[in-house]
Amino acid sequence: DAGVIQSPRHEVTEMGQEVTLRCKPISGHNSLFWYRQTMMRGLELLIYFNNNVPIDDSGMPEDRFSAKMPNASFSTLKIQPSEPRDSAVYFCASSLASGGNSPLHFGNGTRLTVT
Amino acid sequence: TQLLEQSPQFLSIQEGENLTVYCNSSSVFSSLQWYRQEPGEGPVLLVTVVTGGEVKKLKRLTFQFGDARKDSSLHITAAQPGDTGLYLCAGANDYKLSFGAGTTVTVRA
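What counts and what doesn't
- Residues numbered from 1 in each chain as written.
- Chains lettered and ligands numbered in written order.
- Predicted model: local features only at pLDDT ≥ 70, side-chain atom pairs only at ≥ 80, totals over all residues.
- Heavy atoms only, no water.
- Contact = heavy atoms within 4.5 Å.
- Buried area = accessible area lost by both parts, 1.4 Å probe.
- Salt bridge = Lys/Arg side-chain N within 4 Å of Asp/Glu carboxyl O.
- Polar contact = N/O pair within 3.5 Å; in protein donor to acceptor, adjacent residues only side chain to side chain.
- Helix = DSSP H or I, 4+ residues; strand = E, 2+ residues; numbered from the N terminus.
- Phe/Tyr/Trp six-rings, centres within 6.5 Å; stacked < 30°, edge-to-face > 60°.
- Buried < 20%, exposed > 50% of the residue type's maximum accessible area, 1.4 Å probe, protein only.

Trainee: For this particular structure, what's the right way to read the interface of chain B and chain A?
Mentor: Reports often express the size of an interface as the amount of accessible area lost when the parts come together. Counting from both sides, the interface comprises 21 residues of chain B and, opposite them, 22 residues of chain A. A per-residue breakdown of the area chain B buries against chain A is headed by B:Pro43, B:Tyr95 and B:Phe99, which together make up 34% of the total. Counting every contact that joins chain B to chain A gives one salt bridge. Connecting chain B to chain A are seven residue pairs in polar contact (both at pLDDT 80 or more). If you list the elements that add at least two residues to the side of chain B that touches chain A, you get strand S4 (31–37), strand S5 (44–49), strand S9 (85–93) and strand S10 (96–99) of chain B. Per-element accounting of the side of chain B that touches chain A gives the leading share, four residues, to S4(B).

See the structure below:
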């Protein structure tokens with residue numbers, strides 16, 4: 001089991017550029033989450049997919065953020081245009097079931113720096 | 001404002017000492033999870049507690065879920081340098097996990 005795989009590990013970009021973060025969940029997991037972690041706000045849920053369908057995107061900060069899950073083994077989080085305040089570590093996590101008792105398996109994150 | 005408040009924010013102790021981390025909320029949760037995160041990595045699940053008053057032990061770590069399912073504690077006995085990390089509690093309702101800000105624990109050799 002390779003775990004949740006995220007790419008890239010680090011991304012440095014200039015304000016106004018488009019950024020795409022990628023995630024491969026654990027095979028067989030039907031729930032996928034995107035989180036953002038900052039010193040100020042901790043871990044915040046951005047969006048939740050169940051069986052590839054977005055269920056809750058209330059945490060997506062603005063229209064500049066979008067996420068897709070075209071199939072069970074791939075998801076993207078896109079920021080267009082990026083701003084310095086988007087700098088954070090973005091985590092993807094998957095779980096076997098959608099219930100709150102099901103543990104989340106996190107990737108190692110993408111550290112985004114927007115200058 | 002965090003739904004879950006963790007205290008203390010930072011904790012630095014000597015190897016062999018004991019420590020306790022607290023996680024409090026005014027909300028009731030169906031379950032509570034504890035994670036540990038090391039630099040450059042994602043959080044890793046330590047334990048899930050489900051029943052009010054439940055106590056779970058994982059080697060030197062003891063986890064307790066409050067009777068009202070609003071709070072929890074993590075106690076480490078005889079801490080070791082390998083216990084160093086960011087400890088996060090997360091309350092679950094339905095599919096949603098709400099995380100506390102975390103407690104950074106440093107165990108000095």
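Trainee: How do you make sense of the packing of aromatic side chains when you look at a structure like this?
Mentor: Applying the stated criterion to the full structure yields ten aromatic pairs over all chains. Judged by centre distance (6.0 Å) and plane angle (85°), the rings of A:Phe91 and A:Phe106 are edge-to-face. Of this pair, A:Phe91 sits in strand S9 (residues 88–95) while A:Phe106 sits in strand S10 (residues 105–106); the two residues are 15 residues apart in sequence, bridging distant segments of the chain. Residue A:Phe91 is classed as buried on the basis of its relative accessible area, which comes to 2%. Between the aromatic rings of A:Phe106 and B:Phe99, the centroid separation amounts to 6.1 Å while the plane-to-plane angle is 75°, which identifies the pairing as edge-to-face. Residue A:Phe106 is located in strand S10, and its partner B:Phe99 is located in strand S10; the two belong to separate chains. A:Phe106 gets classed as buried once you look at its relative accessible area, which sits at 11%. Using a relative accessible area of 4% as the deciding quantity, one classes B:Phe99 as buried. An aromatic cluster of three or more residues is present, and its members are A:Phe33, A:Tyr35, A:Tyr48, A:Phe91, A:Phe106, B:Tyr35, B:Tyr95 and B:Phe99.

What is shown is where atoms sit, not what they do.
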